[in-house]
Amino acid sequence: MTQLAEAVARRRTFAIISHPDAGKTTLTEKLLLFGGAIQLAGAVKARGEQRRAHSDWMKVERERGISVASSVMTYDYAGKTFNLLDTPGHQDFSEDTYRTLTAVDSAVMVLDAAKGIEAQTLKLFEVCRLRDMPIITFVNKLDRESRDPFELLDEIEQRLALDVTPASWPIGMGRSFLGCYDLLHDRLLLVERSRDKMGAEGESCTGIHDPKLDRMLPADAVAKLREDVEMVRELCPPFDLQSYLEGHMTPVYFGSALNNFGVRELLQGVADMAPPPRPQAAEGRAVLPTEDKVSGFVFKIQANMDPNHRDRIAFLRLCSGHFKRGAKLKHMRSGKTINVHNPVLFLARDRELAEEAWPGDIIGIPNHGNLNIGDALTEGEALKFTGIPSFAPEHLQAVRPVDPLRAKHLGRALQQLAEEGAARVFKPNIGADWIVGVVGPLQFDVLADRIRTEYEVPVRFEPTALHTARWVEADDPLKLKRFMDANQGALATDHTGAPVFLARNAWHLDRAVEDWPDLRFLKTKEQV
């Protein structure tokens, strides 16, 4: 095995998806704690400085206790290198999450044991399904009163059309939650309620009828466990690695992330089962991770990670080749060569220089606005990676600076935020106001907050009479020009200079589509 093939086989790049408040950020912290990346995991609510979650580093995330941006963390465990991407669960920030899912090879889906599958989980699961992504399920919060495990398994099977197979089985729940039985390795895991200590490895058993269980657990719990496990083994198919890798089966782990319970088993499960970096789809061919030439694509841009500098970092997912610091990579969109002399590896906000990186790794490239989402960087080959979406906004508002003299500064701030993908920014052809479009209304608050704190321009968002926006494209430039001349009042340009049609209502949009059959009004657009 070559060094490259070995490094690829060791990598696990995965994301955590869930509905808000299912405990995703807490689980992320605990995975880092067990992976030895942080000494003290900060729960989302706890005391003072020690409590701020490592993966929620933006000022607004700390104030509101929600995750707004995806963060990337790299750590080693059990001889494997993990790249973990924490994504916002809040649906108003779902676009960031969709794009993050293009950069990972598998996902961990977190469910709240009391609530099961919720709306946002379903939406994110659909994106994973489109990409045939293998999913491991973690049922969280078993230390509270929750639903029957069989009912939860049934719901996953029915609503997500997946085969389920429990990897562990809970003993009791809520106050009487005693632990889990590891079905894959026949081990008994007992809960030690502790928020900072890592639990014990667990007690090995020779099977579910081992007399050891009778000594360690109350009689009624043992009886119920044996009955449940027999039922599970009859009703659920045994774990099939191939079926999991194809995205048809999900192993289900039970636990409580807050009490560090079940996290080690989940981590081991990701190490044992999750796929190494997969081939990446590009126009014309798939790029294999074991190719010698370096290639990668930008899936996210984050401005102002360091508040002392107006910095801007492009997150690049490496698809192939062995990357070394100082490499010269060709930027496909502009045709320029970029000398990558200070790439960084991440632990949320803390970063270190990356001397080298392998396929599956996520590296940050500091840049001044020349890299955009969806850009490909290669060692010369003209590649265009596909499947990185950009969504038309559903909420549009006009934005004005409180101090009219700072209009120019506002323009610059909006341009940067648009390149980061945080919002769509449109400059109408007629009129002086900027129009900002977002996927969810909570983003307006976050944007106003960020423009105020990061760019020192207090702004006001004002409602507009606009219904939606669509990108306009045509094969015949003459027809496009004719359309633009006839509809000056309803047109704007986005931050890349592409024409955008701003519709006042649904009828206005339908009418335009009818009147101009040769034009395409796009709701989603590939980032190229």
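See above for the structure.
All values derive from a computational prediction rather than experimental measurement. As a convention, each chain's residues are numbered from 1 in the sequence order in which they are written. Per-residue local features are limited, in this predicted model, to residues with pLDDT of at least 70; the limit for side-chain atom pairs, both in listing and counting, is 80 or more; totals at the level of whole chains, interfaces and linings are taken over all residues. Hydrogens and waters are ignored; side-chain quantities use all the structure's heavy atoms.

A. Up close: helix α11 (residues 407–420). Helix length check: α11 (14 residues) gives 20 Å between terminal C-alpha atoms against 20 Å at 1.5 Å per residue, within 8%. When accessible area is computed with a 1.4 Å probe and restricted to protein chains, residues below 20% of their type maximum are described as buried, those above 50% as exposed, and intermediate ones as partly exposed. Strands here are runs of E lasting at least two residues and helices are runs of H or I lasting at least four, both read from the DSSP assignment and numbered beginning at the N terminus. Here α11 has its buried residues at Leu 410, Gly 411, Ala 413, Leu 414, Leu 417, Ala 418, Glu 419 and Glu 420. Here, expected helix span is obtained from the residue count minus one, scaled by 1.5 Å.

B. Inspection of the pattern of salt bridges at higher detail. Throughout this description, the term salt bridge denotes a Lys or Arg side-chain nitrogen within 4 Å of a carboxyl oxygen of Asp or Glu. One pass over the structure, following the stated rule, counts 20 salt bridges. Notably, a salt bridge pairs Arg 159 with Glu 155, separated by 3.3 Å at the nearest N-O pair. Taken together, the residues span about one helical turn, with Arg 159 and Glu 155 both in helix α6 (residues 149–160) at a distance of four residues. With a relative accessible area of 43%, Arg 159 lands in the partly exposed category. Take Glu 155: its relative accessible area is 13%, and that puts it in the buried class. Residue Glu 454 is joined to Arg 450 by a salt bridge in which the shortest nitrogen-to-oxygen separation is 3.1 Å. Here Arg 450 and Glu 454 lie together in helix α12 (residues 442–455), a separation of four residues that amounts to about one turn. The exposure classification of Glu 454 matches that of Arg 450, with both residues buried.

C. Expanded view of unusual backbone geometry. You will see that Ala 161, though not glycine, has its phi angle at about 50°, which is positive. Relative to the assigned elements, Ala 161 resides in the loop between α6 and β6 (163–166). For Ala 161, a relative accessible area of 56% gives the class exposed. Phi is positive for Glu 456, close to 55°, though the residue is something other than glycine. For Glu 456, the position within the fold is in the loop between α12 and β28 (459–463).

D. Layout of a negative patch on the surface. Residues Asp 132, Asp 154, Glu 157, Asp 163, Asp 240 and Glu 246 make up a contiguous surface patch of negative charge. Within the secondary structure, Asp 240 sits in the loop between α8 (219–235) and α9 (241–245). In this structure Asp 240 comes out as partly exposed when scored by relative accessible area, which is 37%. Patches here are clusters of residues that have more than 30% relative accessible area and form no salt bridge, with a 9 Å joining cutoff for like charges and a 5 Å cutoff for nonpolar side chains (Val, Leu, Ile, Met, Phe, Trp, Tyr). Calculation of accessible area relied on Shrake-Rupley with a 1.4 Å probe; when residues are assessed, cover is drawn exclusively from the protein chains displayed. Charge assignment: positive for Lys and Arg, negative for Asp and Glu; neither His nor the chain ends contribute. The location of each charge is read from NZ of Lys, CZ of Arg, CG of Asp or CD of Glu.

E. How the structure looks around the nonpolar core. Among the nonpolar cores identified, the biggest contains 79 residues, and Trp 169, Tyr 181, Leu 225, Phe 254, Phe 323 and Phe 385 are the most heavily contacted of them. With six residues, strand β15 (residues 312–320) is the single largest residue contributor to this core. Definition of nonpolar core: a set of buried residues of the types Ala, Val, Leu, Ile, Met, Phe, Trp, Tyr and Cys, connected through side-chain atoms within 4.5 Å. In terms of nonpolar packing, the next biggest core, distinct from the first, is built from 27 residues, Tyr 75, Val 108, Tyr 253 and Ala 271 among them.

F. Main features of empty space enclosed by the protein. Only protein atoms enter the 1 Å grid used here, on which a cavity is any set of points holding a 1.4 Å probe that cannot leave and a pocket is any open set flanked by protein within 12 Å on both sides along at least five of seven lines; residues with an atom within 4 Å of a point are listed as lining. Grid points are joined across faces, edges and corners, and a volume is the space filled by probe spheres set on the points. Under the definition given, this model contains two cavities of 30 Å³ or more. In this structure, the second largest cavity occupies an estimated 30 Å³ of space. For the lining of the second largest cavity, the per-class residue count stands at five nonpolar, two polar and one charged. For this scheme, ten residues count as nonpolar: Ala, Val, Leu, Ile, Met, Phe, Trp, Tyr, Cys and Pro. Four count as charged, namely Asp, Glu, Lys and Arg, and the remainder, Gly too, count as polar.

G. Highlighting the packing of aromatic side chains. Two rings from Phe, Tyr or Trp (for Trp, the six-membered ring) form a pair when their centres sit within 6.5 Å of each other. Planes less than 30 degrees apart are called stacked, planes more than 60 degrees apart edge-to-face, and all others tilted. With the rule as written, the count across this model stands at 11 aromatic pairs. Between Phe 297 and Phe 385, the aromatic rings sit 5.5 Å apart at their centres with planes inclined by 45°, giving tilted as the arrangement. Of the two residues, Phe 297 sits in strand β14 (residues 295–303) while Phe 385 sits in the loop between β23 (376–378) and β24 (389–391), which places them 88 residues apart along the sequence. Phe 385 carries the same exposure label as Phe 297, and that label is buried. Centre to centre, the rings of Phe 299 and Phe 315 are 6.2 Å apart; their planes meet at 65°, and the pair counts as edge-to-face.

H. Just the packing of helix α2 (residues 24–34) against helix α10 (residues 263–273), in detail. Where α2 contacts α10, the two axes come as close as 10 Å, and the packing angle between them is 75°. By the criterion of interaxial angle, the relationship of α2 to α10 is roughly perpendicular. Across the interface between the two elements, Leu 27, Lys 30, Leu 31 and Phe 34 from α2 touch Val 263, Arg 264, Leu 266 and Leu 267 from α10. In the contact of α2 with α10, the residues fall into six nonpolar, no polar and two charged. All axes are obtained by fitting lines to C-alpha atoms, using only the stretch in contact for helices, and the reported angles, taken between N-to-C directions, cover 0 to 180 degrees. An angle counts as roughly parallel when it lies under 35 degrees, as roughly antiparallel when it exceeds 145, as roughly perpendicular when it falls between 65 and 115, and as oblique in every other case. For this analysis, residues touch if any pair of their heavy atoms sits within 4.5 Å.

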